[in-house]
Structure formats: C-alpha cells, structure tokens
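Each chain is listed here by its residues.
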There are 4 protein chains.
Amino acid sequence: MKVKVTDKKRALLEATLTLVNNSGFHDAPMSKIAKTAGVAPGTIYRYFEHKQDLINTLYLEVKSSFSTAAFGGYTSSMPVEEGFRVIWYNIADYKLNKVSEATFLSQCDNTPIIDESIRAEGLVHLQPLLDLWERGKQEGVIRPLSNYVLYAYAVYPLSFLLAVQEREFYKLDEMTKDETFQAAWAAITP
Amino acid sequence: MKVKVTDKKRALLEATLTLVNNSGFHDAPMSKIAKTAGVAPGTIYRYFEHKQDLINTLYLEVKSSFSTAAFGGYTSSMPVEEGFRVIWYNIADYKLNKVSEATFLSQCDNTPIIDESIRAEGLVHLQPLLDLWERGKQEGVIRPLSNYVLYAYAVYPLSFLLAVQEREFYKLDEMTKDETFQAAWAAITP
Amino acid sequence: MKVKVTDKKRALLEATLTLVNNSGFHDAPMSKIAKTAGVAPGTIYRYFEHKQDLINTLYLEVKSSFSTAAFGGYTSSMPVEEGFRVIWYNIADYKLNKVSEATFLSQCDNTPIIDESIRAEGLVHLQPLLDLWERGKQEGVIRPLSNYVLYAYAVYPLSFLLAVQEREFYKLDEMTKDETFQAAWAAITP
Amino acid sequence: MKVKVTDKKRALLEATLTLVNNSGFHDAPMSKIAKTAGVAPGTIYRYFEHKQDLINTLYLEVKSSFSTAAFGGYTSSMPVEEGFRVIWYNIADYKLNKVSEATFLSQCDNTPIIDESIRAEGLVHLQPLLDLWERGKQEGVIRPLSNYVLYAYAVYPLSFLLAVQEREFYKLDEMTKDETFQAAWAAITP
DNA sequence: AATGAATGAGAGTTCATTCAT
DNA sequence: AATGAATGAACTCTCATTCAT
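On a predicted model such as this, the values are computed, not experimentally measured, just so you know.

Caption draft 1: View of the protein's contact with DNA strand F. As a structural note, the neighbourhood of DNA strand F is formed by 26 residues, with A:Met30, B:Thr43, B:Tyr47, D:Thr43 and D:Tyr47 the closest of them. Those atoms of DNA strand F that come within 4 Å of the protein belong to sugar or phosphate at a rate of 69%. A distance of 3.5 Å separates a base nitrogen of DNA strand F from a polar atom in the backbone of B:Gly42. Take B:Thr43: an N or O atom from its side chain is 2.6 Å from a phosphate oxygen of DNA strand F. The set of elements that each furnish at least two residues to the surface near DNA strand F consists of helix 3 (44–47) of chain B together with helix 3 (44–47) of chain D.

Caption draft 2: Representation of the relation of the copies chain D and chain C within the structure. When chain D is brought onto chain C, the operation consists of a screw motion whose angular component is 179° and whose axial shift is 0.0 Å, with 0.2 Å RMSD remaining. A rotation of that kind, with that shift, is consistent with a two-fold axis. Here 98% of the contact residues of chain D are again contact residues in chain C; the copies associate through an equivalent surface.

Caption draft 3: Structural view of the side chain of C:Thr16. All names here are of chain C. When you line up the elements, Thr16 lands in helix 1 (residues 2–23). Here Thr16 falls in the buried class, since its relative accessible area comes to 0%. Once residues within four sequence positions are removed from consideration, Thr16 is found in contact with Asn21, Ile33, Leu54, Ile55 and Leu58.

Caption draft 4: Fine view of the interface of chain A and chain B. Opposite the 42 residues of chain A that make contact, chain B presents 41 residues. Interface area, chain A with chain B, both sides summed: about 3500 Å², of which 69% is carbon and sulfur. Summed over the three residues of chain A that lose the most area to chain B, namely A:Tyr148, A:Tyr153 and A:Phe160, the buried surface amounts to 20% of that side. On inspection of chain A and its partner chain B, the count reaches 2 salt bridges. Between B:Glu116 and A:Arg167 there is a salt bridge, with the nearest N and O atoms lying 3.7 Å from each other. Linking chain A to chain B there are 2 residue pairs in polar contact (both at pLDDT 80 or more). Among the secondary structure elements, those contributing two or more residues to the side of chain A that touches chain B are helix 1 (2–23), helix 6 (99–109), helix 7 (116–123), helix 9 (147–154), helix 10 (157–166) and helix 11 (174–188) of chain A.

Definitions and limits used
- Sequence order as written defines the numbering, with residues in each chain counted from 1.
- Each chain is given a letter, starting from A, and each ligand a number, starting from 1, according to the order in which they appear as written.
- In keeping with the model being predicted, local features are shown solely for residues with a pLDDT of at least 70 and side-chain atom pairs are shown and tallied solely at 80 or more, while totals for entire chains, interfaces and linings include all residues.
- The basis for every side-chain value is the complete set of non-hydrogen atoms in the structure, without hydrogens or water.
- Here a residue is considered near a molecule or strand provided that any single heavy atom belonging to it is located within 4 Å of it.
- In protein, a polar contact means a hydrogen-donor-capable atom and an acceptor-capable atom, both N or O and within 3.5 Å, with residues adjacent in sequence counting only if both atoms are side-chain atoms; elsewhere, any N or O pair within 3.5 Å suffices.
- Numbering of helices and strands runs from the N terminus, with a helix taken as a DSSP run of H or I at least four residues long and a strand as a DSSP run of E at least two residues long.
- The copies were overlaid with a least-squares fit restricted to C-alpha atoms from residues scoring a pLDDT of at least 70 in each copy.
- What makes two residues a contact is simply this: any of their non-hydrogen atoms within 4.5 Å.
- Note on classification: 1.4 Å probe, protein chains only; a residue is buried when its accessible area is under 20% of the maximum for its type, exposed when over 50%, partly exposed between these limits.
- Accessible area that two parts lose when put together, evaluated with a 1.4 Å probe and summed over both, is termed the buried area.
- What makes a salt bridge here is a side-chain nitrogen of Lys or Arg within 4 Å of a carboxyl oxygen of Asp or Glu, nothing more.

Shown next as structure tokens:
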C-alpha cells in the first residue's frame, strides 16, 4: 500500500523528467504529466503542492543522484590525481549514460525554472570535489584557480559533449573518453 | 521615419531578451513583452508572425552578434596560437560584458525553445574557429581531438563562468582571465 | 451522473443554437455561449474540440432531427401522393414549430459556416424522399424533373415561409397550410 | 478625379462581395477587403462609416440591381401571364448569371448580418410583382394566396437551384429552365 | 486515496478602427 | 484624399488548480 503510493510519486517524477526534456518546461502541462504517469490530474496534488514543487523536488532528486554517482568508489584518502580521475570518470559515465537526468540538469542550470534557494540546496553535495581541489592546490598539483574555474574546465565541458551527443552529431566512446580526460587534466594542472 | 519603425522592432527584441532572461521563456507572455517594449500587444504582430518567430529572430540576431564579436581583429593568416588567443579573448569579453546576450544564448542552447533548423542556421558563423583548429591539428600544435571536444574545453567553460558571475559568486577580472586562458590553452594543446 | 454530463453538452448545443440564430455565427463568441449555457468558458472544450466542432455537431444533430421528423409515419409502400403528403406535412410542421432548428438550418445552408464534408454528411437522410420521387416519375404522377428542381418547388418554399413568419409578417395556419400544399403538389405534378 | 474616388468605392464593394461569398461574413476582415480592393485599410473609412455600413450599402445596391433586372422589359399593362413570365425569366437569368450577387443576397436573407431596417428598405422595389399578383387574383388567374406564399413558390425556389448549381451538382440550361417555369406557374395558378 | 469534471484567469492572436503623416 | 502603423478590446483556446464524489 505504502509502496503503491510511492510508485505514483515515482511515476510522476519520471513523467515530468521525460516531458520537460522533450518539450521544455513551457510545454509540459500538468494534464500531460498526469496522463504520462498514468494518474488523474488531481492526484498530482496529493504528492506535490504545485507544479513548482514538483519541479523543485525532481531537481533535487536528480542532483542528488548525480552527486551520489559522482563519488562512488572515491575516498578522500586517495591521491589527488587518482581521486580526480575516479570522480571525473564517474561524472562522464553519468552524463553519457543517464542521459535524461543529465539533460534535465543542463536545462535547469541555464534557465530560471528553479528557485534560487533550491538551486543552492542542490550544490552542497559537491563538497568532496572542492575539498579534493583544495588539497591539490596545497600540494601544488592543481593550478591555484578558483574552484569555479576548475569546475568550468574539468566538469562542465562534459555537459556540452552530452548535448552534442544528444543531437547525434558525435559519440563519445571509451577511447575518446580517455583523451578527453587528458584535456580536462591538462586544463587544471600546472 | 524608417528609424522609428526599426526602433519598435528593436525595443521588442530587447524586451524579449530581458524577460526571457529574467523569467524564462515560459513566463514571458506577449502582453508583458509588449508592455516592457512600450507598445500595444497587437503591435508585436506587425513585426513578428508569432511568438516563436520573435524568439527565433532574437536568437539568430544574438548568435550573429556573438560571432561577429568573436572574430573581430582575427585573420586566418595569424599563427594558430595568436589566432586562438584573439578569438578566445573576444569570446570571453563578449560573455562577460554582453551578459544578457550571453545568458540568453546559454538558455537557448540547453532548452527546446529554439526550432532545430534555426539552431543549425545559427551555427554556420563559427566556421573560422573550426578552420583554425584544423590547421592547428595539422601543424601538431592542437590536440587531435574532435572539434566538439575542443569547443567543449576551449570555449564552453566560459558559459559556466558567466552563469556563476551572474549569480554573484565570482568575478572574472583581467588577471584571472589570463590564468583562465592558460587553462583553456593547456586543455587543447598536446 | 452520466445524465448530468450530457446535460452540459445539451445546454451548450442549445445555447449555440439560440445565439447563432439571434446574432449570427460571427457574433456568437464562445464566452457568450458558455454564459448562456451556464458553464465556464473552459468547459466547452471538454465536449468539443473547437468552435467549428461545436457548430458541426450541432448542424448534424439538427439535420438528423429534421430528417427523423420528416419521415415519421411514412412507409415506402404508400402510394406516391399519400407518401408525399405525409412527408410534406411533416416538414411543414417541423419548420413551423421547431422554429429555432429550422432557422439554424436555413442559415447553415446559405453560408460557408459549415465544412463542406459535414454538409454532405447531413444530406444522406433525405434519400426516402428522392426514392419516392423516382417512383412517382416512373408512374407518371410526378413531373420528369431533376430531384433538385422538385425539392426546390416542393420543400424549399417552406423555408421562406418560416423566415417570413419569424419576422412576424405572416402566420401559416392550418387552412392556409392546406392551400400551400396544393401549390406544392401542383408544382411537381404534370 | 471624381471618377477615381468612385472607383475605389466600387472596388471596395466588389471586394466585399467576393470575400463574404467565399469565406462568409465572419471571415472577411477589413484588412483583407482593403487588400483585395487594392486600397489601404484606413481608406475604407473615407467611404463607409464602419463595416456594417459597408455591408448594408452593398446589400442595398445588390438588392436594387436585382430589382432593376427583374423588371426589365416589363410593363404593368401586360397580361398577367405574360408579365409574370417576363419577370420570372428575368429573375432566373439574374440568379443563374449574376451568381455572386445572388449568392450574397441568399446569405443575407438567412442571416442576421443585415439590420432589419435595411432589409425592409430593400424590399420596396418588389412592389410591381406584388401588384401584378393582386391583379391576377382579381382576374382569377392567380390562386388567392398570400403574396408571401406566391413568392415562396414562384421565385424563392430559384435560390435553391442557384445554390445547387454553385456546388456543381446541377446545371439549369435553357430547356430545363422552361420546365422549371412550368412548375412555378403551376404552383401559383388555380 | 484517487478521480476527473469543472473552473476561470490568462495565454497567444486577430481585427475594426484611429490618426499622424 | 490616402496611407498604413498603431491600438487595445475581444476573440479562441489552454492549463494549473480545486472539489464533489
């Protein structure tokens, strides 16, 4: 019974993900979300206060799944390069495999869809990467740049490659992934 | 007289830029666009067929202003590094000074707002940069990577820095700009 | 419950009939139709895809009620004169009693309000009258004229008398009805 | 100069006739009328107070051209049958040749497009036919029916044949025209 | 808990009309 | 006299949200 309820919430979040990705936030009406989720329109409001709440919840959930994926197999005791490599490949795999989630995040990050406070909430999980970079800077193995710049060059490019891959212009396979990692690593090391 | 007419179209495009940036496409109704432009709602339709046409037109115009800015002072006879430096600084300055335009482009590039055919149309102006990279690869001064990857590491990171700067977390000044260029250059050179 | 739903559709069709009759298609806005039907504007679209659909549906419904009325008590085994008399009086009574319906049909038949395909659909029910005339022509009791001409002289004049009656210039009572039938009969018999 | 002005009024009336016939009153915007007439929208208002005035004027003009045509070659001294024959053939020829005008009148006569007072104004020209019928009734050569009924059976059927011909179902040629006249004459004579 | 019919504010768009030129 | 850009009320239709069942 409890399970069934959760199922509906799950279905709604997934329907939203799909529809926002395919048609954009501006063409993902509640009625369509409900239909895609196999639920009556009114039912949405048992699980979410309003549309914005649904979107916010989805954003936080996806952001958190992203962070979890990013740090799988990583421990803060790893050497900087190894740690970064683990995280980078995690992120790359997430972006290139969990395409819907990654696309959704891209859309949210470049649009005023998400309330600023919620966006901030979604950022906290990235801390281990920032800590790693701080350590790397102290050890002299990472360039002494703002973490924002490091993120821009180490992680953010993958979003572009995701988008390009989605438009079917390009496919990032295992080999080019390694070369791409080289570029990222070159960008942030002295 | 001709000038006045153009003024209204101009005002509408600017109003759209502002509103889409501030509230997103989904919350930039024609009525608000008209009011912001200081014009009656019906007037929009003298200049644009429908909302999508207005958005498309704006996109192409901004994209073209971006390309023009990107290649100011660049000639294809420059050595690869110098050429890239000129273009990179142009783009950085555009992104960091023409903030509204750059923000709008970011939004368009990550959202199904823009018709795919129009998006393609907006891409053609980038050719000189791609040519430069091809030459660089032949000369062995640029990594033998897909142009998409090169773009992802050389240019795309600036979009992230723009967004961050907009959220007032960070300011890219002249000195950090140089360091950032180093990162970009390091990413794409062997 | 099912009944209540149907009630709203019914109310909308009736409101449309009234308003189109009184003000014409061009001055029967959806908002007025909704208000007249005692329903919110948006509710119309649960029952009809668009305004044209509402109009088309109404047309077909009225046309069909007309045909049903026309052939009440008629069987194809009747002698031609008797059969015609039955049908003619049926039609006369319909036109003169079901005034709104008849007026609406007149308007539709002389205006590009109705899609041509829908109009064609509405015609099929008249077949028994055409069959009767064919038989009459074979028996030599009906003039050998095109069915269109027969219709023009036997049935169509009633539309005029309806319109005239509506404008309160004239009232067709039982006695004059008989005389009018004589005229119709005289027109189509040799 | 005076001629040129009149030309524009003429062009506007003709454009209106065409557009209302083809698309109906509800889809004949002033802007389209202006364009069809080769004139600027604002210019319409030099010649007509508002749209309704334009329609009314057109109606009266066409109605009057119809009446003029109807009584060409007729004099009140003719014997009843001959007089009727002249008028009937005039009307038949008008309906079947001046198709646009006749179609427009049909549309106006079955729609609340035209103000009732204007409609009444358009009727006066028919007086000679009514006078003829009164004489015929006194002479016992015309059935003692209301003039409305006589009109319904003698003249109105031609409107139906016009409509049918317009939809390309039927063509009324010279021979069938004679037979059709017989039907009309049979309907109104004892 | 779930439904889905109903709501009505508001979206995009049209168009009769005006008025500066 | 003529223009046509501009207006803004009114149109058709959508959709987030509510509520009786």
